[in-house]
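# Chain and residue survey
Listed below are the residues making up each chain.
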Amino acid sequence: MERGWSGGTRERKWEHVLACVWEDVESDASPLFECVHLVHRALPELDMDEVDTRVRLFGKELSFPLIIAGMTGGHPKTGEINRRLGVVARKLGIGIGVGSQRAGVEDPEVRWTFEVVREEYPDGLVLANIGLPQLREGGADLAVEVVDMVDADALAVHVNVLQEAVQLEGEPDASGFVETLEEVREAVDVPVVLKETGTGVSAEDAELVKDVVDGIDVGGAGGTNWAVVESVRSRAHGEAPVGRAFSRWGVPTAASILEVRRVVGPDVPVIGTGGVRDGLDVAKVLALGGDCAGMALPVLRKVLSEGVSGCVRFLRTVAREARIAMLMTGCRTVEEMSRVPIVVHGRLKEWLECRGIDPERVCSGDRRQGC
Ligand SMILES: Cc1cc2nc3c(=O)[nH]c(=O)nc-3n(C[C@H](O)[C@H](O)[C@H](O)COP(=O)(O)O)c2cc1C
């Protein structure tokens, strides 16, 4: 297995796509959306045509609160995937993130695999993406470069400490991250979003960064799990599959949204990604106090198996399901969703109790304000 920058990063990007498409790479634990019930209204006194799913995020309007979470780019074969995803996002008027642009910075030959997203979606919400370890090395210049590469509306700075720790070529030094975020925010003129990648953000983390970021993508546990992805790669390279033990690790997405919102208050956008699989999950992200949901793995699989039209069809269904949930809870706007009565039970209720969060307040309060 080749180590280091050139070639290595490129190949790894493609191996990630292959592992995610062909293998079972999801967490053995759940995002805990099944522990959230939106209280049904038999008399919502609302016409479904009146339901307005539009939201504004980082200066752009989305027709529906969903972002195709950053996944790929960096290998020539991923350029076509990103092009298709850009078209899907444009056709639906939703947001899109690119995958880590590390390879695009190191190797000008593959920059186009990221740039293609902006080309396909000139007016849409596009998020740049780079890891905190790379920013700690590359500093402000690197942050500016990745934002410029896709003319981004926001910069998603990802953390993936678990992945780095289990990855064959990983760099598990997770020190100095908060200071780096501060420097980056000074340097770029777009909002900076802290983005987890499948193990969630806790209240403690949110407390550390609440004054140095403009948004948090909780990237919670319960969907794609990078310890599992890396254990698949390890096996393929004839190495011991370190990482399987962490297949249930992390703050479940539903819990993470509540923990983070409580700390950051109503004005910092919170994106709920990690195990979002249908429109009801999207509705639950909003009901828990998230501004917008994010989805990665199902979108990748759909666009590769059924092309742009199949992927658009799938996401239209997701949008319709969320709209139905809004009708059934009597909500005209996305913002109203955070105030609908909910019931939490099972493992999510236990999680909240153990973390000193009163489940009753969560169920009856305005979760956008943080309960
Ligand atoms: C193939 C693939 C590649 C990914 N690459 C990145 C990446 O480069 N940067 C990043 O921030 N997140 C990356 N992610 C993580 C996703 O953005 C998302 O946080 C995670 O997959 C959880 O969402 P899901 O359960 O809907 O897949 C990737 C996900 C997939 C499936």
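A brief look at the structure comes next. (Residues numbered from 1 in each chain as written. Predicted model: local features only at pLDDT ≥ 70, side-chain atom pairs only at ≥ 80, totals over all residues. Heavy atoms only, no water.)

## Some words on the overall build of the chain
In terms of helices and strands, the chain carries 14 helices and twelve strands. In summary, the chain has a C-alpha radius of gyration of 19 Å against a globular reference of 21 Å for 371 residues, a match within 12%. Overall size of the chain, expressed as C-alpha extent along the three principal axes, is 60 × 40 × 40 Å. Burial statistics for the chain: of 371 residues in total, 60% are counted as buried. By sequence separation, contacts in the chain at least 24 residues apart represent 76% of the contacts at least 6 residues apart. (Helix = DSSP H or I, 4+ residues; strand = E, 2+ residues; numbered from the N terminus. Rg over C-alpha atoms; globule rule 2.2 N^0.38 Å. Buried < 20%, exposed > 50% of the residue type's maximum accessible area, 1.4 Å probe, protein only. Contact = heavy atoms within 4.5 Å.)

## Thoughts on the site of the ligand
The environment of the ligand is made up of 22 residues, and the closest members are Gly-70, Ser-100, Lys-195, Thr-224 and Arg-277. With respect to the ligand, the side chain of Asn-129 contributes an N or O atom lying 2.9 Å from an oxygen atom. Taking Lys-195, its side chain carries an N or O atom lying 2.7 Å from an oxygen atom of the ligand. Here the ligand has 600 Å² of accessible area as a free molecule, and 97% of this is covered by the chains. Looking at the shell around the ligand, the elements with two or more residues in it are strand S8 (192-196) and helix H12 (297-328). Partitioning the shell around the ligand into residue classes produces eight nonpolar, eleven polar and three charged. (Near = heavy atom within 4 Å. Polar contact = N/O pair within 3.5 Å; in protein donor to acceptor, adjacent residues only side chain to side chain. Areas by Shrake-Rupley, 256 points an atom, 1.4 Å probe, with all protein chains shown as cover. Nonpolar A, V, L, I, M, F, W, Y, C, P; charged D, E, K, R; others polar.)

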